[in-house]
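Chain residues, written in single-letter form:
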Amino acid sequence: MNFTTRLLTGTAVTLALALPAAAVEYKIAVGDGAGGTQEALGKAFVAALEEQSGGEMTAKLFVNGQLGDEQDTVSAAATGTLDFSILAINNITPFSPSVGTLTLPYVILSQDDAEKITQGEVGQQMIDQTIEDAGVRIIGWGYSGFRVLTNSKKPVSTVEDLQGLVIRVPKNEIMIETYKSWGINPTPMAWGETFAALQQKVVDGQDNPYMTVYAMKFDEVQKYITDLHYLFSIEPLIISEALFQDLSEEEQAQVLAAGEAATKASAEFLRTEEAKIRDELVSRGMEITEPASDEQEFMDLATAAVWPQFYDQIGGKEVLDNVLTSLGREPA
Ligand code: MLT
């Protein structure tokens, strides 16, 4: 793509002063606030992109949903009005059900599982399918850790403790059904509205990883954490497929290499930062409760009720079985 075309494409703008004359600056939407996994992934990507392209390409991060709610950024990237977005995988699922396998409860049981699946053959299939379904290309994978449950009312250790709480969930069918399997009817709500809803007590709680709870300052409006492991949050970096196709082959290779470098940096960031962030949340007054009996009740209810409901949507039971066996587990 030549320089003139770049000016006419997407939201790219020139950086006349800071970089060489041919440099182009893209926009990256970031759903979470500063200080979390999404921002770390974005920063690593920008540094690698500048390095890979010798300063010809750079990008600017817009944290805290400044460029739109996470689900809206997928549509914007698909139509080419946004260049890149970093968001939770659960907010891509409504556009590409194939990635739903990664939001089924208790499929990914560790960070190693998450890295293995996303960076292997299954991850590549999901990338291809998401381009087809949603018009966006996943070029990097962020890892945020397990989504823990927070609430403002009481410690929750059992499914019984959960009853009566009003819990916000993303607009994601799989997550809604997971809470239903635990006996409550959750409140689906856009990410950008969640902090205010917690603050105004429209809802009592929500779930997200420690890193996200911290980046979003949820400790200011939530007291109790339940250390659940039902969903390991994967936070992809996506590029508008229209923009990607408009790049030269060399630029495409540079973007993909920068995405790979960012993926590695994200995995490292989670490994080194999560325990510190968890301690920080405790020092700010949050209380952590472990689920009773190694979470068995939560797990049994969710897997029995939710998995079979979504076989068709994810492309058949064999898709889940393929993921489970590639993680060394029994098929469903
Ligand atoms: C959500 O709860 O909607 C997302 O997980 C938010 C995020 O991207 O961190």
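Everything numeric in this text was worked out from a predicted model, so none of it was measured.

Undergrad: Just give me the short version of the packing of helix α2 (residues 37–52) against helix α11 (residues 249–283), but keep the residues and values in it.
TA: Relative orientation of the contacting elements α2 and α11 amounts to 140 degrees, with a least axis distance of 8 Å. Crossing handedness for the pair α2 and α11: right-handed. In this structure, α2 uses Thr-37, Ala-40, Leu-41, Ala-44, Phe-45, Ala-48, Leu-49 and Gln-52 to contact α11, whose residues at the interface are Gln-254, Val-255, Ala-257, Ala-258, Gly-259, Ala-261, Ala-262, Thr-263, Ala-265, Ser-266 and Phe-269.

Undergrad: How would you sum up the packing of aromatic side chains? Please name residues and give values.
TA: Across all of its chains, the model carries nine aromatic pairs by this definition. Relative to Tyr-230, the ring of Trp-182 lies with its centre 5.3 Å away and its plane at 80 degrees, an arrangement referred to as edge-to-face. Within this pair, whereas Trp-182 is found in the loop between α7 (173–181) and β7 (187–188), its partner Tyr-230 is found in the loop between β9 (224–226) and β10 (232–240), the two being separated by 48 residues in sequence. The buried category is assigned to Trp-182, whose relative accessible area is 1%.

Undergrad: Give me the lowdown on the pairing of strand β2 (residues 24–30), citing residues and values where you can.
TA: With six of seven residues buried, β2 is to be regarded as a mostly interior element. Here β2 runs beside strand β3 (residues 57–62); their pairing, made up of six bridges, is parallel. Counterpart to Val-24 in the pairing with β3 is Met-57. In this fold, β2 hands off to α2, which returns the chain to β3; that crossover is right-handed.

Undergrad: I'd like to hear about the packing of α7 against helix α12 (residues 296–306), residue by residue, with values.
TA: In contact at an axis separation of 8 Å, α7 and α12 are set at 125 degrees when each is read in the N-to-C sense. As far as their axial angle goes, α12 and α7 are oblique. For the crossing formed where α7 meets α12, the hand is right-handed. Contacts between α7 and α12 involve Ile-174, Glu-177, Thr-178 and Ser-181 from the former and Leu-301, Ala-302, Ala-305 and Val-306 from the latter. In terms of residue class, the contact of α7 with α12 is made up of five nonpolar, two polar and one charged.

Undergrad: Got a sec to walk through helix α5 (residues 121–134)? Specific residues and values, please.
TA: Between its first and last C-alpha atoms α5 spans 20 Å; for 14 residues at 1.5 Å apiece the expected length is 20 Å, and the two agree. Those residues of α5 that sit buried are Val-122, Gly-123, Met-126, Ile-127, Thr-130, Ile-131 and Ala-134. Elements in contact with the buried residues of α5: α3 (70–78), α4 (111–119), β5 (136–151), α10 (241–246) and α14 (317–326).

Undergrad: Summarise the site of the ligand; cite the residues concerned and give the values.
TA: Lining the immediate environment of the ligand, one finds 13 residues, of which Asp-32, Glu-70, Arg-147, Arg-168 and Asn-208 sit closest. Contacts to the ligand include Asn-91, whose side-chain N or O atom sits 3.1 Å from an oxygen atom. Arg-168 has a polar side-chain atom sitting 2.7 Å from an oxygen atom of the ligand. Along the lines of polarity and charge, the residues of the shell around the ligand split into three nonpolar, five polar and five charged.

Undergrad: Any chance you could break down α4 for me, citing the residues and the numbers?
TA: Within α4, the full set of buried residues consists of Gln-111, Asp-113, Ala-114, Glu-115, Ile-117 and Thr-118. Elements in contact with the buried residues of α4: α5, β5, β10, α11 and α14.

Undergrad: Could you give an account of the confidence of the model for the protein, with specific residues and numbers?
TA: Caution applies to low-pLDDT regions: their predicted coordinates should not be interpreted in detail. On average, residues of the protein score 93 in pLDDT, and 93% of them reach the 70 mark or higher. Confidence drops under a pLDDT of 50 for residues 1–16, and excluding neighbours within four residues, the segment shows 41 contacts in the predicted structure. Interface scoring of the predicted complex returns ipTM 0.95; its pTM is 0.90.

Undergrad: Tell me what's going on with the nonpolar core, and back it up with residues and numbers.
TA: The biggest cluster of nonpolar side chains holds 53 residues, and the ones touching the most others in it are Leu-102, Leu-104, Val-107, Trp-141, Phe-232, Ile-234 and Leu-320. With six residues, β5 is the single largest residue contributor to this core. Beyond its immediate chain neighbours, meaning those up to four positions away, Phe-232 contacts Ile-108, Ser-110, Gln-111, Ala-114, Tyr-143, Ser-144, Gly-145, Phe-146 and Leu-270. Membership of the second largest hydrophobic core comes to 24 residues, among which are Val-24, Val-30, Leu-41 and Val-255.

Undergrad: A description of the side chain of Gln-222 should follow, citing residues and the corresponding values.
TA: Within the secondary structure, Gln-222 sits in the loop between α9 (210–215) and β9. Among the polar contacts listed, one links the side chain of Gln-222 to the backbone oxygen of Asp-204, at a separation of 3.1 Å. Ignoring sequence-local partners within four residues, the contact set of Gln-222 consists of Thr-150, Asn-151, Ser-152, Leu-198, Asp-204, Gly-205, Gln-206 and Met-286.

The rules behind the values
Numbers given to residues run from 1 along each chain, matching the order in which its sequence is written. Owing to the predicted nature of the model, reporting of local features is limited to residues with pLDDT of at least 70; listing and counting of side-chain atom pairs is limited to 80 or more, with chain, interface and lining totals taken over all residues. Computation of side-chain values covers all heavy atoms of the structure but excludes hydrogens and water. Here, axes are lines fitted to C-alpha atoms. For helices the fit covers the stretch in contact, and angles between N-to-C directions go from 0 to 180 degrees. A run of H or I in DSSP becomes a helix once it reaches four residues, and a run of E becomes a strand once it reaches two; helices and strands are each numbered from the N terminus. Throughout, a crossing is termed right-handed when the near helix is turned clockwise from the far one, and left-handed when it is turned anticlockwise from it by less than a right angle. Residue contacts are defined here by distance: any two heavy atoms, one from each residue, within 4.5 Å place the two residues in contact. Ring pairs shown here join Phe, Tyr and Trp side chains whose ring centres sit within 6.5 Å, with only the six-membered ring taken for Trp; geometry is labelled stacked below 30 degrees between planes, edge-to-face above 60, and tilted in between. Throughout, exposure labels follow a simple rule: accessible area from a 1.4 Å probe, protein chains only, divided by the maximum for the residue type, with under 20% read as buried, over 50% as exposed, and the rest as partly exposed. At least two bridges found by DSSP between two strands is the condition for calling them paired. The definition of a right-handed crossover adopted here requires that, viewed with the strands pointing away, the path from the first strand over the helix to the second runs clockwise. Any angle from 65 to 115 degrees is called roughly perpendicular, while one under 35 is roughly parallel, one over 145 is roughly antiparallel, and all others are oblique. Charged means Asp, Glu, Lys or Arg here, nonpolar means Ala, Val, Leu, Ile, Met, Phe, Trp, Tyr, Cys or Pro, and polar covers whatever is left, Gly included. In a helix, the anticipated span is given by 1.5 Å times the number of residues less one. The nearness test applies per residue and asks whether one of its heavy atoms lies within 4 Å of the molecule or strand. Pairs of N or O atoms within 3.5 Å make up the polar contacts considered here, provided that, within protein, one atom can donate a hydrogen while the other can accept it, and that residues adjacent in sequence are counted only when both atoms are side-chain atoms. A score from 0 to 100, pLDDT tells how confident the predictor is in each residue. For the purposes of this section, nonpolar cores are sets of buried Ala, Val, Leu, Ile, Met, Phe, Trp, Tyr and Cys residues that join through side-chain atoms within 4.5 Å.

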